[in-house]
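Chain residues, written in single-letter form:
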Amino acid sequence: MSELTGRLSVFKTYKLYVGGKFPRSESGRVYEVTDSKGTWLANAPLASRKDARDAVVAARKAFGGWSGATAYNRGQILYRIAEMLEGRRDQFTAEVAAAEGLSKAKATAQVDAAIDRWVWYAGWSDKVAQIAGGTNPVAGPYFNVSAPEPTGVVAVLAPQESSFLGLVSVIAPAIVTGNTVVVAAAENAPLPALSLAEVLATSDLPGGVVNILSGRTAELSAPLAAHQDVNALDLAGADDQLAKDLETAAADNLKRVLRPAPVNWTADPGTARLLTFLETKTVWHPMGV
(Lines give C-alpha, C1' and ligand atoms only; values in the text may rest on other atoms or scores of the structure.)
Protein backbone atom coordinates (compact mmCIF):
# COMPACT_ATOMS: atom_id res chain seq x y z
CA MET A 1 0.00 0.00 0.00
CA SER A 2 1.28 3.47 -0.86
CA GLU A 3 1.76 5.57 2.30
CA LEU A 4 1.10 8.80 0.38
CA THR A 5 -2.13 7.86 -1.39
CA GLY A 6 -3.48 5.03 0.73
CA ARG A 7 -3.98 2.93 -2.40
CA LEU A 8 -3.28 -0.75 -2.64
CA SER A 9 -0.70 -1.65 -5.25
CA VAL A 10 -2.19 -3.34 -8.32
CA PHE A 11 0.15 -6.17 -9.23
CA LYS A 12 0.22 -7.38 -12.80
CA THR A 13 -0.90 -10.92 -13.59
CA TYR A 14 1.28 -12.42 -16.28
CA LYS A 15 -0.10 -15.21 -18.48
CA LEU A 16 1.01 -17.43 -21.32
CA TYR A 17 0.26 -16.47 -24.91
CA VAL A 18 -1.11 -19.32 -27.03
CA GLY A 19 -3.21 -19.06 -30.17
CA GLY A 20 -3.80 -15.34 -29.70
CA LYS A 21 -5.23 -15.86 -26.20
CA PHE A 22 -3.85 -15.53 -22.67
CA PRO A 23 -4.36 -18.80 -20.77
CA ARG A 24 -2.94 -19.66 -17.41
CA SER A 25 -0.84 -22.81 -17.37
CA GLU A 26 -3.08 -25.87 -17.43
CA SER A 27 -1.11 -27.13 -14.45
CA GLY A 28 -2.04 -24.06 -12.40
CA ARG A 29 1.61 -23.61 -11.45
CA VAL A 30 3.53 -20.34 -11.13
CA TYR A 31 7.08 -19.46 -10.17
CA GLU A 32 8.67 -16.39 -8.65
CA VAL A 33 10.55 -13.99 -10.91
CA THR A 34 13.10 -11.78 -9.19
CA ASP A 35 15.32 -8.93 -10.32
CA SER A 36 19.12 -9.09 -10.49
CA LYS A 37 19.30 -8.41 -6.73
CA GLY A 38 16.82 -11.12 -5.78
CA THR A 39 13.86 -8.79 -5.16
CA TRP A 40 10.49 -10.26 -6.11
CA LEU A 41 9.01 -8.83 -9.30
CA ALA A 42 6.07 -11.07 -10.21
CA ASN A 43 4.73 -14.59 -10.39
CA ALA A 44 5.03 -15.99 -13.90
CA PRO A 45 3.09 -19.01 -15.18
CA LEU A 46 5.10 -22.23 -15.04
CA ALA A 47 4.11 -23.81 -18.33
CA SER A 48 3.81 -27.58 -18.67
CA ARG A 49 4.33 -30.16 -21.40
CA LYS A 50 0.60 -29.89 -22.15
CA ASP A 51 0.95 -26.14 -22.67
CA ALA A 52 3.84 -26.79 -25.08
CA ARG A 53 1.73 -29.25 -27.09
CA ASP A 54 -1.19 -26.81 -27.18
CA ALA A 55 1.15 -24.11 -28.49
CA VAL A 56 2.34 -26.38 -31.31
CA VAL A 57 -1.28 -27.04 -32.31
CA ALA A 58 -1.93 -23.29 -32.42
CA ALA A 59 1.23 -22.64 -34.43
CA ARG A 60 0.36 -25.32 -36.97
CA LYS A 61 -3.17 -23.98 -37.34
CA ALA A 62 -1.83 -20.49 -38.05
CA PHE A 63 0.87 -21.61 -40.47
CA GLY A 64 -1.24 -21.89 -43.61
CA GLY A 65 -2.66 -18.39 -43.44
CA TRP A 66 0.59 -16.74 -42.37
CA SER A 67 2.83 -18.49 -44.90
CA GLY A 68 0.24 -17.82 -47.59
CA ALA A 69 0.13 -14.08 -46.90
CA THR A 70 2.08 -11.86 -49.25
CA ALA A 71 5.58 -10.91 -48.18
CA TYR A 72 4.54 -7.26 -48.34
CA ASN A 73 1.66 -7.89 -45.93
CA ARG A 74 3.92 -9.70 -43.46
CA GLY A 75 6.31 -6.76 -43.57
CA GLN A 76 3.48 -4.32 -42.87
CA ILE A 77 2.36 -6.35 -39.86
CA LEU A 78 5.87 -6.54 -38.42
CA TYR A 79 6.30 -2.81 -38.87
CA ARG A 80 3.03 -2.23 -37.02
CA ILE A 81 4.40 -4.28 -34.12
CA ALA A 82 7.49 -2.05 -34.05
CA GLU A 83 5.24 1.01 -33.88
CA MET A 84 3.46 -0.44 -30.85
CA LEU A 85 6.76 -1.36 -29.17
CA GLU A 86 7.85 2.25 -29.58
CA GLY A 87 4.69 3.35 -27.78
CA ARG A 88 5.49 1.08 -24.81
CA ARG A 89 9.18 1.89 -24.76
CA ASP A 90 9.22 3.04 -21.13
CA GLN A 91 7.54 -0.14 -19.90
CA PHE A 92 10.03 -2.40 -21.68
CA THR A 93 12.94 -0.27 -20.47
CA ALA A 94 11.84 -0.75 -16.86
CA GLU A 95 11.38 -4.50 -17.32
CA VAL A 96 14.73 -4.98 -19.04
CA ALA A 97 16.52 -2.89 -16.40
CA ALA A 98 15.02 -5.03 -13.62
CA ALA A 99 15.57 -8.33 -15.43
CA GLU A 100 19.19 -7.76 -16.41
CA GLY A 101 20.39 -5.41 -13.67
CA LEU A 102 21.08 -2.59 -16.12
CA SER A 103 21.04 1.14 -15.61
CA LYS A 104 18.14 3.01 -17.19
CA ALA A 105 20.42 4.32 -19.94
CA LYS A 106 21.74 0.87 -20.84
CA ALA A 107 18.27 -0.68 -20.70
CA THR A 108 16.95 2.08 -22.95
CA ALA A 109 19.72 1.33 -25.44
CA GLN A 110 18.75 -2.36 -25.43
CA VAL A 111 15.08 -1.58 -26.01
CA ASP A 112 15.83 0.92 -28.77
CA ALA A 113 18.07 -1.63 -30.48
CA ALA A 114 15.31 -4.26 -30.23
CA ILE A 115 12.74 -1.95 -31.83
CA ASP A 116 15.18 -0.98 -34.58
CA ARG A 117 15.93 -4.64 -35.21
CA TRP A 118 12.24 -5.45 -35.51
CA VAL A 119 11.96 -2.72 -38.19
CA TRP A 120 15.07 -4.07 -39.92
CA TYR A 121 13.64 -7.58 -40.19
CA ALA A 122 10.29 -6.19 -41.33
CA GLY A 123 12.10 -4.65 -44.27
CA TRP A 124 13.46 -8.03 -45.34
CA SER A 125 10.00 -9.54 -45.87
CA ASP A 126 9.77 -8.82 -49.60
CA LYS A 127 13.52 -8.86 -50.26
CA VAL A 128 14.76 -12.16 -48.86
CA ALA A 129 13.68 -14.01 -52.02
CA GLN A 130 16.23 -11.94 -53.95
CA ILE A 131 19.13 -13.43 -52.00
CA ALA A 132 17.70 -16.89 -51.33
CA GLY A 133 16.26 -17.66 -54.76
CA GLY A 134 16.63 -16.95 -58.46
CA THR A 135 16.75 -18.49 -61.91
CA ASN A 136 19.24 -21.28 -62.60
CA PRO A 137 21.09 -21.94 -65.87
CA VAL A 138 20.27 -25.46 -67.06
CA ALA A 139 21.13 -27.45 -70.17
CA GLY A 140 17.78 -27.81 -71.88
CA PRO A 141 14.68 -25.93 -73.03
CA TYR A 142 13.45 -25.19 -69.52
CA PHE A 143 12.96 -22.33 -67.14
CA ASN A 144 14.47 -23.39 -63.82
CA VAL A 145 13.50 -21.23 -60.85
CA SER A 146 14.38 -21.63 -57.16
CA ALA A 147 12.29 -19.85 -54.54
CA PRO A 148 12.47 -19.84 -50.71
CA GLU A 149 9.58 -21.18 -48.65
CA PRO A 150 9.13 -21.27 -44.87
CA THR A 151 10.11 -24.44 -43.03
CA GLY A 152 6.97 -24.60 -40.85
CA VAL A 153 6.62 -24.56 -37.08
CA VAL A 154 9.81 -23.46 -35.33
CA ALA A 155 10.44 -24.02 -31.62
CA VAL A 156 12.61 -21.22 -30.25
CA LEU A 157 14.51 -21.22 -26.96
CA ALA A 158 14.98 -17.53 -26.22
CA PRO A 159 18.46 -16.37 -25.14
CA GLN A 160 18.87 -16.50 -21.38
CA GLU A 161 21.16 -13.48 -21.11
CA SER A 162 19.29 -11.01 -23.33
CA SER A 163 15.67 -10.88 -22.25
CA PHE A 164 14.38 -8.51 -24.94
CA LEU A 165 16.95 -7.69 -27.64
CA GLY A 166 17.93 -11.35 -27.91
CA LEU A 167 14.27 -12.38 -27.83
CA VAL A 168 13.37 -10.08 -30.74
CA SER A 169 16.47 -11.24 -32.61
CA VAL A 170 15.25 -14.85 -32.66
CA ILE A 171 11.50 -14.32 -33.15
CA ALA A 172 11.47 -11.72 -35.95
CA PRO A 173 13.65 -13.55 -38.51
CA ALA A 174 11.63 -16.74 -38.10
CA ILE A 175 8.20 -15.21 -38.61
CA VAL A 176 8.98 -12.60 -41.26
CA THR A 177 9.63 -15.38 -43.79
CA GLY A 178 6.33 -17.13 -43.03
CA ASN A 179 7.15 -19.55 -40.23
CA THR A 180 5.15 -19.76 -37.01
CA VAL A 181 6.90 -20.11 -33.66
CA VAL A 182 6.58 -21.51 -30.17
CA VAL A 183 8.89 -19.57 -27.86
CA ALA A 184 10.24 -20.65 -24.50
CA ALA A 185 11.04 -17.33 -22.80
CA ALA A 186 14.24 -16.79 -20.81
CA GLU A 187 13.73 -18.84 -17.65
CA ASN A 188 14.91 -16.27 -15.11
CA ALA A 189 13.77 -13.17 -17.01
CA PRO A 190 10.48 -13.97 -18.78
CA LEU A 191 8.61 -10.72 -18.13
CA PRO A 192 9.71 -8.79 -21.25
CA ALA A 193 8.62 -11.76 -23.36
CA LEU A 194 5.23 -11.97 -21.66
CA SER A 195 4.76 -8.23 -22.14
CA LEU A 196 5.72 -8.60 -25.81
CA ALA A 197 2.77 -11.00 -26.08
CA GLU A 198 0.42 -8.16 -25.11
CA VAL A 199 1.79 -6.10 -28.00
CA LEU A 200 1.40 -8.99 -30.44
CA ALA A 201 -2.18 -9.62 -29.32
CA THR A 202 -3.24 -6.06 -30.09
CA SER A 203 -1.37 -5.81 -33.39
CA ASP A 204 -2.46 -7.23 -36.74
CA LEU A 205 -0.47 -10.44 -36.18
CA PRO A 206 -2.82 -13.44 -36.52
CA GLY A 207 -3.25 -15.54 -33.39
CA GLY A 208 -0.95 -18.56 -33.28
CA VAL A 209 1.86 -17.07 -35.36
CA VAL A 210 3.80 -16.41 -32.16
CA ASN A 211 3.13 -18.43 -29.00
CA ILE A 212 5.04 -17.57 -25.83
CA LEU A 213 5.58 -19.87 -22.85
CA SER A 214 7.37 -19.13 -19.59
CA GLY A 215 8.82 -21.73 -17.28
CA ARG A 216 11.72 -24.16 -17.03
CA THR A 217 13.61 -24.21 -20.33
CA ALA A 218 14.59 -27.88 -20.04
CA GLU A 219 11.03 -28.94 -19.17
CA LEU A 220 9.48 -27.07 -22.11
CA SER A 221 12.12 -27.84 -24.71
CA ALA A 222 12.04 -31.63 -24.36
CA PRO A 223 8.47 -32.12 -25.68
CA LEU A 224 9.06 -29.49 -28.38
CA ALA A 225 12.22 -31.21 -29.63
CA ALA A 226 10.45 -34.58 -29.77
CA HIS A 227 7.19 -33.25 -31.24
CA GLN A 228 6.47 -34.69 -34.69
CA ASP A 229 4.72 -31.51 -35.85
CA VAL A 230 7.65 -29.20 -35.06
CA ASN A 231 9.85 -28.68 -38.11
CA ALA A 232 12.82 -26.78 -36.71
CA LEU A 233 14.57 -25.75 -33.50
CA ASP A 234 16.46 -22.60 -32.59
CA LEU A 235 18.52 -23.54 -29.52
CA ALA A 236 19.79 -20.04 -28.70
CA GLY A 237 18.82 -20.39 -25.03
CA ALA A 238 20.12 -23.92 -24.41
CA ASP A 239 23.34 -24.84 -22.64
CA ASP A 240 25.70 -27.37 -24.23
CA GLN A 241 24.29 -30.48 -22.54
CA LEU A 242 20.67 -29.52 -23.12
CA ALA A 243 21.41 -28.68 -26.75
CA LYS A 244 22.98 -32.10 -27.27
CA ASP A 245 19.95 -33.87 -25.78
CA LEU A 246 17.52 -31.79 -27.86
CA GLU A 247 19.44 -32.44 -31.08
CA THR A 248 19.17 -36.16 -30.41
CA ALA A 249 15.40 -35.88 -29.88
CA ALA A 250 15.03 -33.67 -32.96
CA ALA A 251 16.66 -36.26 -35.21
CA ASP A 252 13.59 -38.48 -34.97
CA ASN A 253 11.71 -36.46 -37.60
CA LEU A 254 14.75 -34.72 -39.14
CA LYS A 255 14.10 -31.27 -37.68
CA ARG A 256 16.31 -28.47 -38.86
CA VAL A 257 18.40 -27.40 -35.84
CA LEU A 258 20.20 -24.10 -35.27
CA ARG A 259 22.80 -24.88 -32.63
CA PRO A 260 23.62 -22.42 -29.83
CA ALA A 261 26.70 -20.26 -30.26
CA PRO A 262 28.12 -17.18 -28.56
CA VAL A 263 26.29 -14.16 -29.99
CA ASN A 264 26.74 -10.44 -29.50
CA TRP A 265 23.08 -9.44 -29.76
CA THR A 266 23.97 -5.78 -30.24
CA ALA A 267 25.98 -6.52 -33.40
CA ASP A 268 24.63 -6.53 -36.95
CA PRO A 269 22.65 -9.79 -37.11
CA GLY A 270 23.16 -10.43 -40.81
CA THR A 271 20.86 -12.77 -42.69
CA ALA A 272 21.88 -16.10 -41.14
CA ARG A 273 18.73 -16.59 -39.06
CA LEU A 274 16.52 -15.44 -41.91
CA LEU A 275 17.93 -18.12 -44.19
CA THR A 276 18.18 -20.93 -41.63
CA PHE A 277 14.44 -21.57 -41.47
CA LEU A 278 13.78 -21.51 -45.20
CA GLU A 279 13.48 -24.37 -47.66
CA THR A 280 14.23 -24.02 -51.36
CA LYS A 281 11.62 -25.08 -53.89
CA THR A 282 12.88 -25.52 -57.46
CA VAL A 283 10.47 -25.56 -60.39
CA TRP A 284 11.24 -26.77 -63.91
CA HIS A 285 9.01 -25.42 -66.66
CA PRO A 286 9.22 -26.09 -70.41
CA MET A 287 10.02 -23.01 -72.47
CA GLY A 288 7.41 -23.92 -75.05
CA VAL A 289 9.66 -23.33 -78.05
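Everything in this summary refers to the structure shown in the same document. Residue numbers restart at each chain and count upward from 1, following the sequence in its written direction. Note on the predicted model: pLDDT of at least 70 is required for a residue's local features to be given, and 80 or more for side-chain atom pairs to be given and counted; whole-chain, interface and lining totals, by contrast, use all residues. Water and hydrogen atoms play no part in the side-chain values, which are based on all heavy atoms of the structure.

1. Topic: the packing of helix α8 (residues 217-226) against helix α9 (residues 240-250)
Then, in step 1: Fitted lines through C-alpha atoms serve as axes, helices being fitted only where they are in contact, and the angles separating the N-to-C directions of these axes extend from 0 to 180 degrees. Secondary structure elements are defined from DSSP: runs of H or I of at least 4 residues count as helices, runs of E of at least 2 residues count as strands, and each element is numbered from the N terminus. Following both chains from N to C, one finds α8 and α9 inclined at 20 degrees, their axes separated by 8 Å at the closest point. By the criterion of interaxial angle, the relationship of α8 to α9 is roughly parallel. Crossing of α8 against α9: the hand is right-handed. Across the interface between the two elements, T217, A218, S221, A222, A225 and A226 from α8 touch L242, L246, A249 and A250 from α9.
Then, in step 2: Amino acids are sorted into nonpolar (Ala, Val, Leu, Ile, Met, Phe, Trp, Tyr, Cys and Pro), charged (Asp, Glu, Lys and Arg) and polar (every other residue, Gly among them). When the residues that make up the contact of α8 with α9 are grouped by side-chain class, the tally is eight nonpolar, two polar and no charged. Every angle not falling under 35 degrees, over 145, or within 65 to 115 is termed oblique; those three ranges are roughly parallel, roughly antiparallel and roughly perpendicular. Crossings are sorted by hand: turned counterclockwise from the far helix by less than a right angle, the near helix makes the crossing left-handed, and turned clockwise it makes it right-handed. In what follows, a contact means two residues having at least one pair of non-hydrogen atoms within 4.5 Å.

2. Details of the sheet that holds strand β3 (residues 134-135)
Then, in step 1: Read from one edge of the open sheet, three strands run β3-β4-β10, paired in antiparallel fashion. Across the chains shown, the open sheet's two edge strands, defined by having one partner strand only, are β3 and β10 (278-286).
Then, in step 2: What makes two strands pair is DSSP finding at least two bridges between them. Looking at chain direction, strand β4 (residues 142-150) and β10 are connected through nine bridges and run antiparallel. By the bridge assignment, P148 is partnered in β10 with T280.

3. Brief notes about the packing of aromatic side chains
Then, in step 1: Working definition: a ring pair exists when centres of Phe, Tyr or Trp rings (six-membered ring for Trp) sit within 6.5 Å. Plane angles under 30 degrees give stacked, over 60 give edge-to-face, the rest tilted. Applying the stated rule across the entire model yields six aromatic pairs.
Then, in step 2: Their ring planes at 15 degrees and their centres at 4.6 Å tell us that F92 and F164 sit as a pair that is stacked. A residue pair is termed long-range when its members are at least 10 positions apart, and F92 in helix α3 (residues 89-100) and F164 in the loop between β5 (153-157) and α6 (165-176) qualify at 72 residues. Each member of the pair, F92 as well as F164, carries the same accessibility label: buried.
Then, in step 3: Of the aromatic side chains, those joined through ring pairs into one cluster are W120, Y121 and W124.
Then, in step 4: Between R216 and the ring centre of Y31, over which it is positioned, the NZ or CZ distance is 4.6 Å. Exposed residues in this analysis have more than 50% of their type's maximum accessible area, buried residues have under 20%, and partly exposed residues fall in between, with area computed by a 1.4 Å probe over protein chains only. Working rule: Lys NZ or Arg CZ, within 6 Å of ring centre, within 35 degrees of ring normal, means a charge sits over the ring.

4. Notes on the packing of helix α2 (residues 71-87) against helix α4 (residues 104-123)
Then, in step 1: Contact geometry for α2 and α4: axes closest at 8 Å, N-to-C directions at 170 degrees. It follows from the interaxial angle that α2 and α4 lie roughly antiparallel. Counting all contacts with α2, which are made through G75, L78, Y79, I81, A82, L85 and E86, the residues of α4 involved are I115, W118, V119 and A122.
Then, in step 2: Classifying every residue of the contact of α2 with α4 by side-chain character gives nine nonpolar, one polar and one charged.

Geometry only, nothing functional implied.
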